[in-house]
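# Structure assessment
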Amino acid sequence: QSICPGMAAATRRVVLVDADALRAASSASAPNELGLLVGRSALGGTRDVILSFAPTPLDTDAGASLDEESCSLLASHALQLSKMLPGGVSVIGMYVCAPAAVVSSPAMRTCLTELDEALVDAGEEPDQERVVVHFDAAKKAAARALAWSAASAADAPRSRDMREQKALCADVRAFSCALPLTVAAQAEGKDGIEALHVLADAAQRAAAAHTFVDARGGVVGVAAPPAPTGGAGGKASGKKKGGGGGSGGSGGTALDAYPDALPHVHRITALSPLSRPSSGSRVRAMGTLGLVGVVLGGLEPPCAVRMALIDDARRTIRHRIQVLEEEEEGDVKKSAKVLQAARRALLVRADTALPLVDYATAAEGGEDVVARWMEAGVVSQGATSDSLLTSLLWLEEAPSRPSALKRTETVPPSTPTKAMPPLGVLIAVIMALIAVVMGLVLKGGLL
């Protein structure tokens, strides 16, 4: 993931892991178990952060943990889970519970190659280091971290320093906003699918041009904070002293202005830039996207909030393009529907490490979304379908058939609205008008 401007990347990286998540995964891992690591990659250029372990549903009759079928299921799981994560976090690698010799085997490299290809298909950058956590099947409590990159696919994973950190997940801050978009792009000479991708590129650029403002009126992440001075091992929080809610010249709103952790979600307003589409544009689309982004308050500078929301805009636009390609076969005449190709759902609960998102098409409802969350293994084992359905929130209006979702509540994030004058101002204006009328009456102006 990108580094905030002004932050220098270090060459040596360590793996930070939430102590409770590691302990739970270590105790629950069975021999031959595979799963995915969810967190932040290359945070500040110095750290990979593991927030959650997501076990991959495997065939109970499977043999070796890294056989062809299991690796294929792991890659499919990565594609599925990538669509369910908010901006700011992603699938950063895999974990395996197996004998030590498995880690350096050709089967491990094959499995990592499949995983890397799936993550690139999901929109992640190619040739990135993927983190591997190995639980020794013979010594269940032993865990070690490794790293592997497709750029050196023939090499075995390399050892990395891993450090446990208590309450790391408790530092997660979630943000949501409604992003209004009106985009247009030149598409002469392009077929339907190509035109959709041109439009998607334009939509991503338009999303990045928005200004994000918090509830206190502070501009979020307008610039990077000063480069951290604590070294690779210190916290690069970039916080401003005082923790006020206003915008600062170097870092925007400080992250300590958002003290509430999950399940609280901080609402952000997206302000559209003033722009006019070119007259020769051939494909157009408009709509409002519900965005969700997360940051680690104690480890990240203020610009991380803006980056997480823009990252989420990139992902959700990409997914809607895929939905439209499947449903409409890339018909350019349907391009105006691209921003409403699916309705986005949000799940934020105290028993989930991170907010979860997913999409429902016009033919689907909340039950379909909940079923996918449960299938992906990203909700707590004790959660029931009914309890998850009650916690589900819709970030957007349905593309059609709004009555298809009767058991869940539509709670869109705060949207930009035209500001109304304060009550005191209105009263003052009325009193002034009354005074003028009375003056005219007294002077005989109205008689």
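Keep in mind that this is a model prediction, so the values were computed, not measured.

Counting 61 residues, the largest nonpolar core has Val49, Leu51, Leu66, Leu81, Met94, Trp373 and Val378 as its most contacted members. Tallying contributions element by element places helix H3 (residues 106-121) first for this core, with 6 residues. In this structure, Val378 is in contact with Leu81, Met84, Thr352, Leu356 and Trp373, ignoring residues within four places of it in sequence. Judged by nonpolar contacts, the second largest core, of 36 residues, contains Ala203, Ile268, Leu289 and Leu309.

Okay, the pattern of salt bridges next. Per the counting criterion, the structure on display carries 15 salt bridges. Between Asp312 and Arg344 there is a salt bridge, with its nearest N and O atoms 2.6 Å apart. Here Arg344 lies in strand S13 (residues 343-347) and Asp312 lies in helix H5 (residues 303-328), a separation of 32 residues in the sequence. You can call Arg344 buried: its relative accessible area is 1%. The salt bridge partner of Asp358 is Arg372, with a shortest N-O separation of 2.7 Å.

Attention now goes to the packing of aromatic side chains. On inspection of all chains with the given rule, the structure shows 4 aromatic pairs. Relative to Phe135, the ring of Phe53 lies with its centre 6.1 Å away and its plane at 50°, an arrangement referred to as tilted. Taken together, the positions of Phe53 in strand S3 (residues 47-55) and Phe135 in strand S5 (residues 130-136) put the pair 82 residues apart, joining distant regions of the chain. The same class applies to Phe53 as to Phe135, namely buried. Ring geometry for Phe175 against Tyr258: centres 4.9 Å apart, planes inclined by 90°, an arrangement best described as edge-to-face. Taken together, the positions of Phe175 in strand S9 (residues 172-185) and Tyr258 in the loop between strand S10 (211-214) and strand S11 (265-271) put the pair 83 residues apart, joining distant regions of the chain. Its relative accessible area of 1% is what places Phe175 among the buried residues. Taking relative accessible area as the criterion, Tyr258 reaches 6% and is therefore assigned buried. Following the ring pairs from residue to residue traces out a cluster consisting of Phe53, Tyr95 and Phe135.

Conventions used here
Residues numbered from 1 in each chain as written. Predicted model: local features only at pLDDT ≥ 70, side-chain atom pairs only at ≥ 80, totals over all residues. Heavy atoms only, no water. Core = buried A, V, L, I, M, F, W, Y, C linked by side-chain atoms within 4.5 Å. Buried < 20%, exposed > 50% of the residue type's maximum accessible area, 1.4 Å probe, protein only. Helix = DSSP H or I, 4+ residues; strand = E, 2+ residues; numbered from the N terminus. Contact = heavy atoms within 4.5 Å. Salt bridge = Lys/Arg side-chain N within 4 Å of Asp/Glu carboxyl O. Phe/Tyr/Trp six-rings, centres within 6.5 Å; stacked < 30°, edge-to-face > 60°.

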